[in-house]
Amino acid sequence: MILKTLDDLLGEGVSGRRVLVRADLNVPFDKNQPGVITDDGRARAVLPTLIALRDAGARVIVVSHLGRPKGAPDPKFTLAPVATRLGELLGAPVAFAADTVGDDAAAKVGALEDGQVLLLENLRFNEGETAKDEAARAAFAAQLASFADYYVDDAFGAVHRKHASVYDVPAILPHYAGGLVLREVEVLKKVTESPEQPYVVVLGGSKVSDKLAVIKALLPKVDKLLVGGGMCFTFLKAQGHEVGKSLLEDEMVQTCADLLAEADGRIVLPVDVVAATEFSADADHVTVPASEIPADRLGLDIGPESVALFAGAIGPAKTVFWNGPMGVFELAPFAAGTRGVAEAITKIDGFSVVGGGDSAAAVRTLGLDESAFGHISTGGGASLEYLEGKTLPGIEALEK
């Protein structure tokens with residue numbers, strides 16, 4: 001149980017006090033236009049917490065990671081463009097420190113005035129952030145904590161990481177959960193502990209191995225488990241079908257066969273797929289039965305009959321959890337499956353959860369109405385680990 005929340009902190013009064021906010025600003029950038037953010041959903045998600053603290057007169061210090069730099073500064077992963085975008089969203093400039101715990105960060109923290117917001121450079125430019133060595137992690141956490149009087153975690157997308165800014169800093173500072181983290185935990189408890197039936201889970205993405213634990217955890221609880229994306233081809237192979245050049249995990253075929261037997265009809269697979277000659281928007285592609293994928297083609301989306309089948313299973317649901325696209329939605333010829341299934345989810349008379357990651361990106365990329373879903377998570381990996389029943393280090397830290 002999370003002990004203290006942002007509301008508790010605001011009730012205590014934060015005017016003139018320094019508050020370190022762990023946000024998840026790991027936003028995607030345009031590969032062809034450096035510095036151009038393609039989806040600012042994660043930045044928007046933390047706005048209520050930043051605005052509440054700013055309006056209460058706090059001196060707000062925001063920290064986040066971006067990408068996977070190797071513990072040293074890398075210009076490809078600078079948060080500078082994010083500071084600019086955050087300022088636009090907040091309607092006031094956001095200061096930016098060119099380091100995380102160095103001289104520039106210290107100077108800019110010292111210069112903060114009441115109601116101002118500062119973003120420090122990428123946490124992962126420092127080896128201590130992700131260090132397995134607890135002493136190294138604790139040393140970096142102590143440097144971060146020295147900047148602030150209080151700590152607020154509003155980065156649900158990072159709570160499954162035992163990193164300094166997530167796990168060790170709250171052991172040093174008085175700590176509070178932001179509204180985003182609270183909402184995420186509340187929603188995931190609802191779909192794991194007390195989902196209203198019928199309960200339908202839609203899983204996509206690349207690999208069965210990535211979703212195996214969550215499949216095993218959810219299978220006893222669901223009425224239907226719909227499988228699309230690259231992972232469906234290993235299941236189709238387990239049924240004895242030819243999958244051509246489609247993504248396949250040979251070592252998981254028997255596991256999939258066992259899951260299908262255990263599910264007794266509750267796992268639903270595509271009945272047709274869009275099969276292309278290569279992984280390209282310009283590739284020749286045809287829709288074929290899922291049992292008849294040509295040997296020289298690879299499946300890149302579920303077909304229209306599968307969309308209709310999945311929509312039929314989703315329609316009566318009172319609870320739907322969706323994680324993973326149905327196909328390569330980034331390429332226009334292979335986006336229809338994801339769009340069709342997503343639209344079916346928006347029409348249910350019940351509660352729907354989009355489990356972050358590529359699913360959340362698909363909602364925005366395809367221009368779907370975000371408000372038509374019950375909840376769009378900011379943390380794909382964290383959502384899955386919660387559903388698996390794992391202890392999340394960031395939540396554990398807030399419970400102490």
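Here the structure is shown first, and the text comes after it.
Please read all numbers here as calculations on a predicted model, not as lab measurements.

Asker: I keep staring at the nonpolar core and nothing clicks. Help me out?
Answerer: The nonpolar side chains of a soluble globular protein tend to be buried with one another. The biggest cluster of nonpolar side chains holds 49 residues, and the ones touching the most others in it are L225, F235 and I267. Leave out the neighbours within four places in its chain, and I267 touches L219, L225, V227, F235, L259 and L260. Core analysis: the second largest hydrophobic core is formed by 30 residues, L6, V19, V60 and L119 among them.

Asker: Looking at this structure, I do not really get the packing of aromatic side chains. What am I missing?
Answerer: Note on aromatic pairs: each is described by the distance of the centres and the angle between the planes. Scanning the model with the defined rule gives two aromatic pairs in all. Ring geometry for Y150 against Y176: centres 6.1 Å apart, planes inclined by 70 degrees, an arrangement best described as edge-to-face. Remark: Y176 occurs in strand β6 (residues 175-177) and Y150 occurs in strand β5 (residues 150-153); sequence separation between them is 26 residues. You can call Y176 buried: its relative accessible area is 2%. Summarising the aromatic geometry, the rings of W322 and F373 are spaced 6.5 Å apart at their centres and angled 35 degrees between planes, so their arrangement reads as tilted. Of this pair, W322 sits in strand β13 (residues 319-323) while F373 sits in the loop between α15 (357-365) and β15 (375-376); the two residues are 51 residues apart in sequence, bridging distant segments of the chain.

Asker: Teacher, can you tell me more about the pairing of strand β7 (residues 199-203) here?
Answerer: A regular strand places its side chains so that they alternate between the two faces of the sheet. Summarising burial for β7: five of the five residues are buried, a large majority. Because side chains alternate across β7, one face comprises the buried residues Y199, V201 and L203, and the other comprises V200 and V202, equally buried. Judged from the five bridges that link them, β7 and β13 form a sheet pairing that is parallel. Each bridged residue has a counterpart across the sheet, and for V200 the counterpart in β13 is V320. In terms of strand pairing, β7 meets strand β8 (residues 224-227) through four bridges, oriented parallel. Residue V202 lies in a different strand from β8, and its bridge partner there is L226. Of the crossover connections in this fold, the one passing from β7 over helix α10 (residues 208-218) to the parallel β8 is right-handed.

Asker: Help me out: how do you make sense of the sheet that holds strand β2 (residues 59-63) in this one?
Answerer: Hydrogen bonds along the backbone pair up the strands of a sheet, which may run parallel or antiparallel. Taken in spatial order, the six strands make up an open sheet running β3-β4-β2-β1-β5-β6, and their pairing is parallel. Single-partner strands in this sheet number two, and they are β3 (95-96) and β6. As defined by bridge partners, strand β1 (residues 18-22) adjoins β2 across five bridges and the pair is classed as parallel. Looking at the pairing, V19 lines up with V60 of β2.

Asker: So what exactly am I meant to see when it comes to the pairing of β13 here?
Answerer: Burial analysis of β13 places five of its five residues in the buried class, which makes it a mostly covered element. Along β13, one buried face is formed by T319, F321 and N323 and the opposite face, lined by V320 and W322, is buried too. Bridge analysis of β13 against strand β14 (residues 351-354) gives four bridges, and the strand direction is parallel. Pairing of F321 across the sheet is with V353, part of β14. At this point the chain moves from β13, through helix α14 (residues 336-346), to the parallel β14, and the crossover so formed is right-handed.

Asker: Explain the packing of α10 against helix α16 (residues 380-388) here, please?
Answerer: For any two helices packed against each other, one specifies the inter-axial angle together with the distance between the axes. It is at 8 Å that the axes of α10 and α16 come closest, and there the two elements cross at 40 degrees. Comparing the axis directions of α10 and α16 gives the class oblique. Both α10 and α16 take part in a crossing whose hand is left-handed. From α10, K211, A213, V214, A217 and L218 reach across to α16, where they touch L384, L387 and E388. Of the residues that constitute the contact of α10 with α16, the class distribution is six nonpolar, no polar and two charged.

Asker: Just to check I follow, could you spell out the packing of α10 against helix α12 (residues 253-263) for this structure?
Answerer: Where α10 meets α12, the closest approach of the two axes is 12 Å, and the angle between their N-to-C directions is 25 degrees. The angle between α10 and α12 places the two elements in the roughly parallel class. For α10 against α12, the interelement crossing comes out left-handed. Residues V208, L212, I215 and K216 of α10 pack against T255, C256 and L259 of α12. Among the residues making up the contact of α10 with α12, the classes are represented as five nonpolar, one polar and one charged.

Asker: Is there a simple way to explain the pattern of salt bridges in this structure?
Answerer: Going through the model one piece at a time under the given rule, you end up with 17 salt bridges. Two residues, R85 and E88, come together in a salt bridge whose shortest N-O distance is 2.9 Å. Of the two residues, R85 and E88 are both situated in helix α4 (residues 80-90); the distance of three residues between them amounts to about one turn of the helix. Classification of R85 as partly exposed rests on a relative accessible area of 22%. E88 sits in the exposed class, given a relative accessible area of 51%. Because the salt bridges share partners, they merge into one network encompassing D40, R44, R85 and E88.

Cut-offs used in this document
Residue indices begin from 1 for each chain and proceed along its sequence in written order. It should be noted that, the model being predicted, local features are given only for residues of pLDDT at least 70 and side-chain atom pairs only at 80 or more, the latter also being counted only at that level, while totals for whole chains, interfaces and linings use all residues. No hydrogens and no water enter the side-chain calculation; it runs on all heavy atoms of the structure. Among buried residues, those of type Ala, Val, Leu, Ile, Met, Phe, Trp, Tyr and Cys that are joined through side-chain atoms within 4.5 Å constitute a nonpolar core. For the exposure calls, accessible area comes from a 1.4 Å probe over protein chains only, and a residue counts as buried if that area is under 20% of its type's maximum, exposed if over 50%, partly exposed in between. Only heavy atoms enter the contact rule, under which two residues are in contact if any of them lie within 4.5 Å. Any two of the Phe, Tyr and Trp rings considered here, Trp counted by its six-membered ring, make a pair once their centres fall within 6.5 Å; the pair's planes then place it as stacked at under 30 degrees, edge-to-face at over 60, or tilted in between. Helix and strand assignments come from DSSP, with helices taken as H or I runs of at least 4 residues and strands as E runs of at least 2, each series counted from the N terminus. Pairs of strands are assigned from DSSP output, requiring at least two bridges between the strands. Orient the strands so they point away from the viewer, and a crossover whose first-strand-to-second-strand path over the helix runs clockwise is right-handed. Fitted lines through C-alpha atoms give the axes, limited to the stretch in contact for helices. The angle between two N-to-C directions lies from 0 to 180 degrees. Roughly parallel here means an angle under 35 degrees, roughly antiparallel means over 145, roughly perpendicular means 65 to 115, and every remaining angle is called oblique. By definition, turning the near helix anticlockwise from the far helix through less than a right angle yields a left-handed crossing, and turning it clockwise yields a right-handed one. Under the scheme applied, nonpolar residues are Ala, Val, Leu, Ile, Met, Phe, Trp, Tyr, Cys and Pro; charged residues are Asp, Glu, Lys and Arg; polar residues are all the others, including Gly. Counted as salt bridges are all cases of a side-chain nitrogen of Lys or Arg within 4 Å of a carboxyl oxygen of Asp or Glu.

From the geometry alone we can't say anything about function, so treat these as descriptive.
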